[in-house]
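Understanding the architecture of this molecule
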Amino acid sequence: MVLMQHNTMIRQIAVNGERMRADFEALAAVGGDGSGGVTRLALTPDDIHARAWYADRAEEAGLRVHDDDAANLSAILDAADPNARTLVIGSHLDTVPDGGRFDGAVGVLAALECLRTIHESGIELPVKLEAMNFTDDEGHYASLFGARAFVGVLTSEDIFDTRRDNAQLRAALRSVGSDAQRVLGTRRDPESLAGYLELHIEHGTRLEKSHRPIGIVTGIVGRKTHKITFLGQAGHSGTTDMYKRRDALRGAALFIVRAHESMRARYGDGIFSCGDVDVKPGKFNIIPSEACCTVEFRHVQEDLMVEMEREALQIARECAAANALDIRHELITHMPAASMSAGFVSAIESVCEDFGIPSMPLISYAGHAGQFTAQITPTGMIFIPSVDGIGHSPREFTEWEDIERGANVLLQTILRWALGA
Ligand SMILES: [Zn+2]
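What counts and how
Residues numbered from 1 in each chain as written. Predicted model: local features only at pLDDT ≥ 70, side-chain atom pairs only at ≥ 80, totals over all residues. Heavy atoms only, no water. Donors = N, O, S within 2.8 Å, 3.2 Å for Na, K, Ca; no water. Helix = DSSP H or I, 4+ residues; strand = E, 2+ residues; numbered from the N terminus. Buried < 20%, exposed > 50% of the residue type's maximum accessible area, 1.4 Å probe, protein only. Core = buried A, V, L, I, M, F, W, Y, C linked by side-chain atoms within 4.5 Å. Contact = heavy atoms within 4.5 Å. Salt bridge = Lys/Arg side-chain N within 4 Å of Asp/Glu carboxyl O. Phe/Tyr/Trp six-rings, centres within 6.5 Å; stacked < 30°, edge-to-face > 60°. Pairing = 2+ DSSP bridges. Axes fitted to C-alpha atoms, helices over the stretch in contact; angles between N-to-C directions. Domains from an automatic or database assignment. Buried area = accessible area lost by both parts, 1.4 Å probe. Polar contact = N/O pair within 3.5 Å; in protein donor to acceptor, adjacent residues only side chain to side chain. Nonpolar A, V, L, I, M, F, W, Y, C, P; charged D, E, K, R; others polar. Expected span 1.5 Å × (residues − 1). Arc of directions from axis to C-beta.

Some remarks on the coordination of the zinc ion
Looking at the zinc ion, the protein donor atoms are H92 (NE2), D103 (OD) and H200 (NE2), and they sit 2.0 to 2.1 Å from it. Look at where the donors of the zinc ion fall in the sequence and you get H-x10-D-x96-H. Of the two residues, H92 is situated in the loop between β3 (86-91) and α4 (105-121) and D103 in the loop between β3 and α4; the sequence distance between them amounts to eleven residues. Each member of the pair H92 and D103 is classed as buried.

Here is the structure:
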């Protein structure tokens, strides 16, 4: 009976939609272009403004404000037991250049609103709650910088690389009071963590098309980026024998088409893309001596992503050989694939069932902090619809109703998971 009353009470707790909406409007104005677009690049003055605004909201709500050496900024609701573990709920306040108002922002604001609501309800949870803004999720300096620091996988190259010269990143960290020298030591102790949860827009059309307002993320795809360079020989485009030329771009073009065909045929859930080809000397009347393709692979299963990569490189070698070219390749990025925790997946599912909210399991094809947090703590993600699937654009849009519903699903998930209800 007591448990039933307790559950009924938990069920009735909901976020304050009006307050969250006021926050949303205020935040969207920071770095906003007045017509829906937002540019808040990590650690630039607009991002710093947003961070200060966020810290003020947290303090106003009676939460503790904390930041670490990677400038990850959080609002904390302490538990009665000072040794309690922490459930981190987060996302990011930064945007891409000319981005939208929703990506990242809704996750941070929903996390903050959940903490405020729980604080006001007077419910004591056996875990600390931390509403986290991860630094530079969008990669103005380095993609998922804060999340990587949080789990301790940043390398000194990320901060002190002399080739790329990361002096600007170091200066930016200094501007928010963080010491680049100490960033590598920021790793959060996994023993102190209970889990990580994030609410985010889908950046896709799967929810919209199926008329389901909640996506329960089961995994986040891994991503590998390569530069594959075809090396031939420059020459006069008119006078060199058509059958004796070593045309680097011809090899690259053949590779791109063949790799697309092969990846589509064999890896239905995988993504292959070539988004950039740099041709040298780049003159219409000179045979290209060099064609550098920047390609990426994404797959939710790390082993299949490695297989895709191996196969594409083999195709590249064959295309080079067929055109008497040499080949060079370099791995640029490797973001690991991640599985979401079964505990969070079922907690979100049961909240949706209980409230009669249609939901569906989804794989995330975009990178998120959760793909790193999953390395050290159980991680869960909730997606809400993006109209027309648009992301990283001023046209990004999510209905307010969907945001508020998502925040309530997040809130109920936190409460039930923390209370084991
Ligand atoms: Zn995002």
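Details of unusual backbone geometry
Of note, the bond from K280 into P281 is cis; its omega dihedral lies within 30 degrees of zero at -5°. Tracing the backbone through its elements, the reader meets P281 in the loop between β8 (271-280) and β9 (290-299). Its identity as a non-glycine residue notwithstanding, D98 has a phi of 55°, on the positive side. The backbone of H392 shows a phi angle near 55°, a positive value even though the residue is not glycine. Tracing the chain through its elements places H392 in the loop between β13 (379-384) and α14 (400-419).

A word on the nonpolar core
Residues Y54, I89, L125, L129, L410 and I414 are the most contacted members of the largest nonpolar core, which totals 66 residues. Contact partners of I89, with chain neighbours within four places excluded, come to A111, L115, L129, E130, A131, M132, Y196, L197, L410 and I414. If you look at the next biggest cluster of nonpolar residues, it comprises 24 residues, including A248, F255, M263 and C319.

Quick look at the pattern of salt bridges
Summed over all chains, the structure comprises 23 salt bridges. Linking E309 and K224 is a salt bridge whose minimum nitrogen-to-oxygen distance equals 3.0 Å. With E309 in helix α11 (residues 302-322) and K224 in strand β7 (residues 222-231), the pair connects residues that are 85 residues apart, well separated along the chain. Since its relative accessible area comes to 8%, E309 is described here as buried. Relative accessible area serves as the criterion here: at 10%, K224 is assigned to the buried category. With a closest N to O distance of 3.9 Å, E290 and R328 form a salt bridge.

Regarding the packing of aromatic side chains
Inspection of the entire model under this criterion finds nine aromatic pairs. Ring centres 5.7 Å apart and planes at 80° place the aromatic pair F102 and F397 in the edge-to-face group. One end of the pair, F102, is in the loop between β3 and α4; the other, F397, is in the loop between β13 and α14, and 295 residues separate them in sequence. For F102, a relative accessible area of 2% translates into the label buried. Residues F272 and F297 carry aromatic rings whose centres are separated by 5.6 Å and whose planes lie at 50° to one another, so their mutual orientation is tilted. Separated by 25 residues along the polypeptide, F272 in strand β8 and F297 in strand β9 bring together distant segments of the chain. Relative accessible area serves as the criterion here: at 8%, F272 is assigned to the buried category. Relative accessible area serves as the criterion here: at 0%, F297 is assigned to the buried category.

Quick look at the sheet that holds β8
With antiparallel pairing, the four strands of this open sheet are ordered in space as β8-β9-β7-β10. Across the chains shown, the open sheet's two edge strands, defined by having one partner strand only, are β8 and β10 (326-335). Taking the axes of each pair of neighbouring strands and ignoring which way they run, one obtains an average angle of 15° across the sheet. Pairing of β7 with β9, which is carried by ten bridges, proceeds in the antiparallel orientation. Pairing of K224 across the sheet is with F297, part of β9.

Considering the environment of Q301
Positionally, Q301 belongs in the loop between β9 and α11. The partly exposed category is assigned to Q301, whose relative accessible area is 38%. For the pair formed by Q301 and N323, sequence separation is 22 residues and the distance between their alpha carbons is 33 Å.

Topic: the domain arrangement of the protein
Domain annotation for the protein reports domain 1 (2-220 + 337-419) and domain 2 (222-335). Distance between the C-alpha centres of domain 1 and domain 2: 37 Å. Contacts between the two partners involve 13 residues from domain 1, matched on the other side by eleven residues from domain 2. Counting the surface lost from both domain 1 and domain 2, the interface buries some 810 Å², and carbon and sulfur atoms represent 59% of this. The largest per-residue losses of area from domain 1 upon contact with domain 2 belong to A337, I363 and Y365, which jointly make up 58% of the total buried on that side. Viewed at the interface, domain 2 and domain 1 are joined by zero salt bridges. Here domain 1 is connected to domain 2 by three residue pairs in polar contact (both at pLDDT 80 or more). Elements supplying a minimum of two residues to the side of domain 1 that touches domain 2: β6 (214-220) and α13 (370-373). Of the residues assigned to the side of domain 1 that touches domain 2, the class counts are seven nonpolar, four polar and two charged.

Some thoughts on helix α12 (residues 342-354)
Compared with an ideal rise of 1.5 Å per residue, which puts 13 residues at 18 Å, α12 spans 18 Å between its outermost C-alpha atoms and is within 8% of the ideal. Listed in full, the buried residues belonging to α12 are F344, V345, A347, I348, V351 and C352. The buried residues of α12 occupy an angular sector of 165° when projected down its axis, which confines them to one face. Those residues of α12 that are exposed and aimed more than 90 degrees away from the buried face are A342 and E353. Where the residues of α12 are buried, they touch β3, β5 (193-201), β6, β12 (359-364), β13 and α14.

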